[in-house]
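Remarks on the overall topology
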Amino acid sequence: MKIKKLSDLVISKMVAGEVINKPLYLLKELLENSFDANSKNISVYISYPVTSIIKVIDDGDGISKEDLFSSVSSYSTSKISTLLDLSFLKTYGFRGEALFAISSICDFGLISRTINQDLGWKIFKNIYDLNFVLKPIFHHVGTTVIVKNIFKECPLILNYLKSDKFEFSYLYNFLKLIIFSQLNISFKLFISKKKLKYYPKCDGKISLFDRFKLLFGVKYVSKFKYIEFSDKHYCVFGFIPLFAFSSIKTANEYSRYSSATTVTPTKSKFPTL
């Protein structure tokens, strides 16, 4: 579907407005757009402090040149078109507010190319009049979003953020949680352009168990138990903390998120460990 402005009726039924008041929420919106674009490989760049720069690169479907201006407009989306679509959501995002909200608070640039295009196209804000500008650029099929000087246009939000160390740790732990739940996607993580961590997708060679060890360390493996449940329609699998370890808050959070999201049809059942 092409990106287009939603009708007033649809907007009135779902209006909430996207609020980006932490770097974590900004990264969450960008990653969910990549998931919705059927990405198989995602690279994430985060800086310290995290308000300096965040970059997400994917190999998804991309955004066509004709849709780039619409992609940064309020309530413009390709994920729904009618009121009935709200009852059958199959995507993470659907309001069409994420890129609009993000581009309004920082230095924003988006590069994208679809499989039908020979070149990619970059959309960014002109520093003189703050209008969006479009120009051709070499790029792979997929999308790259770069945001710098986060909350530059809303400096008051910076007063409500905690220390750089806390915000970075908060974002990094959330990112690990996301990586643990998206088993069919490989991730590359760059931290301040120095550290590289690679998490291959889970398939016949790389298991959920391997990704668990890469994310949380070998010492935690013995503290969790693998569970799996299936019926005619679904298979649910993941790790839960043992009783002796259940007092650690972060362990419970990872377990809850993974058990809630690692659901696959029985026909494509994930390999048992």
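Everything in this summary refers to the structure shown in the same document. (Residues numbered from 1 in each chain as written. Predicted model: local features only at pLDDT ≥ 70, side-chain atom pairs only at ≥ 80, totals over all residues. Heavy atoms only, no water.)

Summed over the entire model, instances satisfying the criterion amount to eight aromatic pairs. Note on Y45 and F190: the rings are 4.4 Å apart at their centroids and 5° apart in plane angle, and the pair reads as stacked. One end of the pair, Y45, is in strand β2 (residues 41–46); the other, F190, is in strand β9 (residues 186–191), and 145 residues separate them in sequence. A connected cluster of aromatic rings, assembled from ring pairs, spans F180, F212, F216 and F224. In this structure, K65 packs its charged tip against the face of W121, placed 4.1 Å from the ring centre. Taking NZ or CZ as reference, K122 lies 5.4 Å from the ring centre of F124, over its face. (Phe/Tyr/Trp six-rings, centres within 6.5 Å; stacked < 30°, edge-to-face > 60°. Helix = DSSP H or I, 4+ residues; strand = E, 2+ residues; numbered from the N terminus. Lys NZ or Arg CZ within 6 Å of the ring centre and 35° of its normal.)

With that out of the way, let us pick up the pattern of salt bridges. Counted under the stated rule, the structure contains three salt bridges. A salt bridge links E167 to K22; its shortest N-O distance comes to 3.1 Å. Separated by 145 residues along the polypeptide, E167 in helix α6 (residues 164–181) and K22 in the loop between α1 (8–14) and α2 (23–36) bring together distant segments of the chain. Under the relative-accessibility criterion, E167 is labelled buried at 4%. (Salt bridge = Lys/Arg side-chain N within 4 Å of Asp/Glu carboxyl O. Buried < 20%, exposed > 50% of the residue type's maximum accessible area, 1.4 Å probe, protein only.)

The next thing to look at is the sheet that holds strand β6 (residues 120–125). Strand order across the open sheet formed by eight strands is β7-β6-β5-β8-β3-β2-β9-β10, with mixed pairing between neighbours. The sheet is open, and its two borders are formed by β7 (132–137) and β10 (195–199), each paired with just one other strand. Within the sheet, the average angular offset between the axes of one strand and its neighbour, ignoring direction, is 10°. Pairing analysis gives five bridges linking β2 to strand β3 (residues 53–58), with the strands arranged antiparallel. (Pairing = 2+ DSSP bridges. Axes fitted to C-alpha atoms, helices over the stretch in contact; angles between N-to-C directions.)

The step from Y48 to P49 runs through a cis peptide bond, and the omega angle for that step is 5°. Locating P49 in the fold gives a position in the loop between β2 and β3. The backbone of N149 shows a phi angle near 50°, a positive value even though the residue is not glycine. Mapped onto the fold, N149 is located in the loop between β8 (142–148) and α5 (155–158). If you check the backbone angles, F151 has positive phi at about 70° while not being a glycine. Here F151 lies in the loop between β8 and α5. Taking the relative accessible area as the measure of exposure, F151 reaches 1% and is therefore buried.

Moving on, we come to the pairing of strand β11 (residues 224–230). Walk down a regular strand and you will see the side chains alternate between the two sheet faces. Here seven bridges tie β11 to strand β12 (residues 234–241), and the two strands are oriented antiparallel to one another. Within β12, the residue paired with K225 across the bridge is I240. Two successive antiparallel strands, β11 and β12, enclose a turn made up of three residues.

Direction vectors running N to C along α2 and α6 enclose 25°, while the axes themselves pass 9 Å from each other. When the axes of α2 and α6 are compared, the pair comes out roughly parallel. Crossing of α2 over α6 shows right-handed handedness. Residue-level inspection shows P23, L24, L27, K28, L31 and F35 of α2 in contact with α6, the latter providing E167, Y170, L171, F174, L175 and I178. Looking at the contact of α2 with α6, its residues break down into ten nonpolar, no polar and two charged. (Parallel < 35°, antiparallel > 145°, perpendicular 65-115°, else oblique. Left-handed = near helix turned anticlockwise from the far one by under 90°. Contact = heavy atoms within 4.5 Å. Nonpolar A, V, L, I, M, F, W, Y, C, P; charged D, E, K, R; others polar.)

This next bit is on the side chain of K22. Judged by relative accessible area, which is 18%, K22 ranks as buried. Setting aside anything within four residues of it in sequence, one finds K22 in contact with F151, L161, E167 and Y170.

Locating K135 in the fold gives a position in strand β7. Its relative accessible area of 38% is what places K135 among the partly exposed residues. Distance in space between the C-alpha atoms of K135 and F124 is 8.8 Å, their sequence separation being eleven residues. Apart from the residues within four sequence positions on either side, K135 is in contact with G120, W121, K122 and F124.

Counting 56 residues, the largest nonpolar core has L26, L31 and V147 as its most contacted members. When residues of this core are assigned to their parent elements, the largest contribution, eight residues, is made by α6. (Core = buried A, V, L, I, M, F, W, Y, C linked by side-chain atoms within 4.5 Å.)

The next point concerns the environment of S104. Note on placement: S104 falls in the loop between α4 (98–103) and β5 (107–113). Setting aside residues no more than four positions away along its own chain, S104 makes contact with K125 and E153. Reaching out from S104, the side chain makes a polar contact with the backbone oxygen of A101 at a distance of 2.7 Å. (Polar contact = N/O pair within 3.5 Å; in protein donor to acceptor, adjacent residues only side chain to side chain.)

In short, geometric facts, not functional conclusions.
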